[in-house]
Amino acid sequence: MRKPNVLMKLGSFRGVRTSIFILGTFALLIAIATLSKFYSIRSLLVTDAFCNYNVDLKIEGRNGSQVIRTTVEIVMEKIRKEMSDLRDLPMDSSSPASLLRHSAFLADILGLLESVQESLPSNEGIGYWHNSEIKSVHPLLKPKQQSDEPADYFLIEEIRKYVKVKPNRLGKQNFMGANGTFTSIGHACFSMKKELEEYMDYDVGEICNDDWKLAQKLMVHGCDPLPRRRCFSRAPQLYSRPFYINESMWKLPDNRNVRWSQYRCKNFTCLASNATRKGFFKCADCFNLTDHEMPRWIKHVDIDPITNLTADFLIPEVLDIKPGEIRIGLDFSIGTGTFAARMREFNVTVVSAIINLGAPFNEMIALRGLVPLYITINQRVPFFDNTLDLIHTTRFLDGWIDFVLLDFILYDWDRVLRPGGLLWIDSFFCAKEDMNDYLEVFKMLKYKKHKWVVVPKRDKDDREVFFSAVLEKPPRPFRR
């Protein structure tokens, strides 16, 4: 009697198992059908695209751009076919407007894809087709590509905003012929990332940090030009009215008009005295306007007692070379603007290029009523070609300078000097054994020599010499 019950139970169990199997198979088919809408059957198989991903990564790393190019070409071909089919349709006044808009939309998309295709690098001669399908690599396995955008190199948002190209709002070329504004920074800014990010770390619309010394350090080391900032520069707490022009030239300015926090001396009296080591060693007496500065370029100060020669030329002597022709010039020197002040007495306008090496040189020049130009030797002088009548330099181009750098500087000065303009090399000094090499660099300009003198420098045990010259830029015929 028990056997029929057992058989019935077994039969029932088999029926249930069969039903579960049928339902499971049906569910699996539904799942496969659903996935097939999003993935090809090939992508569901275990292929070498995943198992041998190291090989694919190597291929993809070399040829990822070609995969994108091929995909773009396929999409472009499909759009062209669709547009061709639309053109073959009979078009008349009764054609729906949506059809015209659809055609215009496809044309715009095609134009964008063509622009993308042109921007992609071409890798010809390498095949990427396998069974009419492109090998795919999982996005997480693709090697990361380093960005070439300067903004992506920095973390501070203000730098990122500054270096990005600013397109014109109207989408057209501006009056300068550019489609946008391309703000620039010096190439060495990338090697001084930490310092630059510190310099650009501020609150927009607030007072800037007292960090002009950090800014000058960046400039001197090649991070020049510096990016602009959107904060207000610090000013002296109690700024007073500058002296009138008839007394400012030969009078020490008011101490309240300078921020002294980054200097050893805290006032102009300290700078003008000889009791404290201060300022720049080549210009230790530059702030002594009465005793040291006032006689310069008007009277012969340093005359060699043995040769009775001097490296100092007087301003009237130089101006007499070109009577009435010297009107504007550049003084690229270390000083407090005395050369420009003296030239002003002869109705010559001179701009003084200098940085603040241990003392407020730029503030001093400006408070005397003259024009300071805050640039380093790393930078091309900001004047157009053939515009200046005179370039003067002293206490700057000396024996420390590299010959190749001196070449670049002299060619740049030649660029801005007009034909017939004067280059005044004032008291250039170097070691005796190097002088002939430096003289050859100056001779390379092929300028006319109006004055040329080499004098011993007695304070260095006769191991150094002075060189001074006044040279005239020759007219050069235009060559096609």
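The structure presented is a predicted model; accordingly, all values stated were derived computationally and were not measured.

### Points about unusual backbone geometry
Between Asp224 and Pro225 the backbone carries a cis peptide bond, its omega angle lying at 10°. Position of Pro225 among the secondary structure elements: in the loop between α8 (212-220) and α9 (245-248). The residue Trp297 is not glycine, and still its phi comes out positive at about 65°. Along the chain, the position of Trp297 falls in the loop between α11 (289-293) and α12 (315-319). Despite not being glycine, Asn347 shows a phi value in the positive range, around 60°. Within the secondary structure layout, Asn347 lies in the loop between α13 (338-344) and β6 (349-353).

### Some thoughts on helix α16 (residues 432-443)
For α16, spanning 12 residues, the distance from its first C-alpha to its last is 17 Å, which sits close to the expected 16 Å at 1.5 Å a residue. Residues Met435, Tyr438, Leu439, Val441 and Phe442 constitute the buried set of α16. The buried side chains of α16 occupy one side of the element, clustering within an arc of 150° when seen end-on. In α16, the exposed positions angled more than 90 degrees off the buried face are occupied by Glu433 and Asn436. On its buried face, α16 is in contact with α15 (403-416), β9 (417-431), β10 (448-457) and β11 (464-472).

### Topic: the side chain of Thr310
Here Thr310 is to be found in the loop between α11 and α12. Residue class for Thr310 comes out buried when judged on its relative accessible area of 16%. A polar atom in the side chain of Thr310 sits 3.1 Å from the backbone nitrogen of Asp312. Apart from the residues lying within four places of it in its own chain, the contact partners of Thr310 are His300, Asp302, Ile303, Val453 and Val455.

### A look at the sheet that holds strand β8 (residues 388-394)
Taken in spatial order, the 7 strands make up an open sheet running β7-β6-β5-β8-β9-β11-β10, and their pairing is mixed. Pairing within the sheet leaves two strands with one partner each, and these edge strands are β7 (371-373) and β10. Averaged over all pairs of adjacent strands, the angle between their axes in this sheet comes to 15°, without regard to strand direction. Here strand β5 (residues 328-332) runs beside β6; their pairing, made up of 5 bridges, is parallel. Note on β6: the bridge partner recorded for Gly329 is Val350. Together, β5, β8 and β9 form the strand contacts of α15, whose direction differs from that of β9 by roughly 150°. Against the sheet, α16 contacts β9, β10 and β11, and its axis sits at roughly 175° relative to β9.

### Regarding the state of the cysteines
Counted under the stated rule, the structure contains 4 disulfides. With a sulfur-sulfur separation of 2.0 Å, Cys208 is cross-linked through a disulfide to Cys231. Between Cys208 and Cys231 the sulfur-sulfur dihedral comes to about 105°; the bridge is accordingly right-handed. With Cys208 in the loop between α7 (193-199) and α8 and Cys231 in the loop between α8 and α9, this pair connects stretches of sequence that are 23 residues apart.

### A closer look at the nonpolar core
With 74 residues, the main nonpolar core has Phe287, Phe332, Met343, Trp413, Leu423, Trp424 and Phe428 as its most contacted residues. Of the residues forming this core, the biggest block, 7 residues, is contributed by β9. Residues within four places of Phe332 in sequence aside, it is in contact with Ala353, Ile375, Thr376, Ile377, Val381, His392, Thr393, Thr394, Phe396 and Trp413. Counting residues in hydrophobic clusters, the runner-up holds 20 residues, among them Ala151, Ala215, Leu218 and Met219.

### Regarding the confidence of the model for the chain
For the chain, the mean per-residue pLDDT works out to 80, and 70% of the residues sit at or above 70. Contacts from residues 6-10, a stretch scored under 50 in pLDDT, to residues over four places away or in other chains number 0 contacts. Counting contacts from residues 124-135, a segment whose pLDDT is below 50, to residues more than four positions away or on other chains yields 22 contacts.

### Considerations on the packing of aromatic side chains
This model, assessed by the stated rule, comprises 19 aromatic pairs. Plain terms: the ring middles of Phe287 and Phe361 are 5.4 Å apart, the flat faces sit at 35° to each other, and that makes the pair tilted. Here Phe361 lies in helix α14 (residues 361-367) and Phe287 lies in the loop between α10 (268-272) and α11, a separation of 74 residues in the sequence. Across the pair, exposure class does not vary: Phe287 and Phe361 are buried alike. Consider the rings of Trp452 and Phe467, whose centres lie 4.7 Å apart with planes at 65°: the pair is edge-to-face. One end of the pair, Trp452, is in strand β10; the other, Phe467, is in strand β11, with 15 residues separating them in the sequence. Connected via pairs of aromatic rings, a cluster forms that spans Trp212, Trp260, Tyr263, Phe268, Phe287 and Phe361. Directly above the aromatic system of Tyr153 lies the positively charged group of Lys193, at a separation of 5.0 Å from the ring centroid.

### Here's the deal with the environment of Tyr153
Within the fold, Tyr153 resides in the loop between β2 (133-134) and α6 (157-163). Overall, the relative accessible area of 37% leaves Tyr153 in the partly exposed class. Spatially, the C-alpha atom of Tyr153 lies 8.6 Å from that of Lys193, the residues being 40 residues apart in sequence. Discounting residues that sit within four places of it in the chain, Tyr153 has contacts with Phe190 and Lys193. Within the structure, Tyr153 has its side chain in polar contact with the backbone oxygen of Phe190 (distance 2.9 Å).

Rules behind the numbers
- Residues numbered from 1 in each chain as written.
- Predicted model: local features only at pLDDT ≥ 70, side-chain atom pairs only at ≥ 80, totals over all residues.
- Heavy atoms only, no water.
- Helix = DSSP H or I, 4+ residues; strand = E, 2+ residues; numbered from the N terminus.
- Expected span 1.5 Å × (residues − 1).
- Buried < 20%, exposed > 50% of the residue type's maximum accessible area, 1.4 Å probe, protein only.
- Arc of directions from axis to C-beta.
- Contact = heavy atoms within 4.5 Å.
- Polar contact = N/O pair within 3.5 Å; in protein donor to acceptor, adjacent residues only side chain to side chain.
- Pairing = 2+ DSSP bridges.
- Axes fitted to C-alpha atoms, helices over the stretch in contact; angles between N-to-C directions.
- Disulfide = S-S within 2.5 Å.
- Core = buried A, V, L, I, M, F, W, Y, C linked by side-chain atoms within 4.5 Å.
- pLDDT = per-residue confidence, 0-100.
- Phe/Tyr/Trp six-rings, centres within 6.5 Å; stacked < 30°, edge-to-face > 60°.
- Lys NZ or Arg CZ within 6 Å of the ring centre and 35° of its normal.

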